[in-house]
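Letter by letter, the chains look like this.
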Amino acid sequence: MRKKLIGITLGLLLSGLGSTVVVAENTSYYIDSKQGSDRAEGRSEKGAWKTLANVNTLTFEPGDNVLFKSGGNWVGQLQLKGAGTEGNPIRVGRYGKGKAPLIAGAGKEDSAVLLQNGSHWVVEDL
């Protein structure tokens, strides 16, 4: 519990400085290109984000999940930051039924998904 509290406090302090936000462990983030809103909290299906913008500002912790709505489409680059652990990776995947989510660089990016200096990530079902 203490580790989560420290992560939340640190995240709040850093967010006020305009820096990368450090998030608490074992948090799931939802992104829905059709029904989402970037003003939402991003931590539930009903409160999903719409674009990649909020995801790209976060530094993820072991056990976190980044979940894209099935059938959704995003244009741009998904920039993943953080590191999981051997027994507790960070997962990127989907939620809902239907076609796999599509993240497309659309020729504007060298890669649609960018992970630099990270470890213990699982990216599936995109």
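Positions within a chain are numbered from 1, following the residues in the order the chain's sequence is written. Residue-level local features of this predicted model are given only where pLDDT is at least 70; pairs of side-chain atoms are given and counted only at 80 or more, and the full residue set underlies all totals for whole chains, interfaces and linings. No hydrogens and no water enter the side-chain calculation; it runs on all heavy atoms of the structure.

> What is the right way to read the pairing of strand β7 (residues 90-95) from this model?
On a regular strand, one side chain projects to one face of the sheet and the next to the other, so that they alternate. Across 5 bridges, strand β4 (residues 65-69) lies against β7 in parallel orientation. Looking across to β7, one finds that Lys 69 is bridged to Tyr 95. One ladder, built from 3 bridges, connects β7 with strand β10 (residues 121-123); its direction is parallel. Within the sheet, the bridge partner assigned to Val 92 lies in β10 and is Val 123. When DSSP finds two or more bridges between two strands, those strands count as paired. By the criteria applied, helices consist of DSSP H or I runs no shorter than four residues and strands consist of E runs no shorter than two, each listed in order from the N terminus.

> Explain the side chain of Asn 65 to me, please; I cannot follow it from the model alone.
With respect to the helices and strands, Asn 65 occurs in strand β4. Counting of polar contacts relies on pairs of N or O atoms within 3.5 Å, with two restrictions inside protein: one atom must be capable of donating a hydrogen and the other of accepting it, and residues adjacent in sequence are counted only when both atoms are side-chain atoms. Within the structure, the side chain of Asn 65 is placed 3.2 Å from the side chain of Ser 28, a separation counted as a polar contact. Not counting residues within four places of it along the chain, the set of residues in contact with Asn 65 comprises Thr 27, Ser 28, Tyr 29 and Arg 91. For this analysis, residues touch if any pair of their heavy atoms sits within 4.5 Å.

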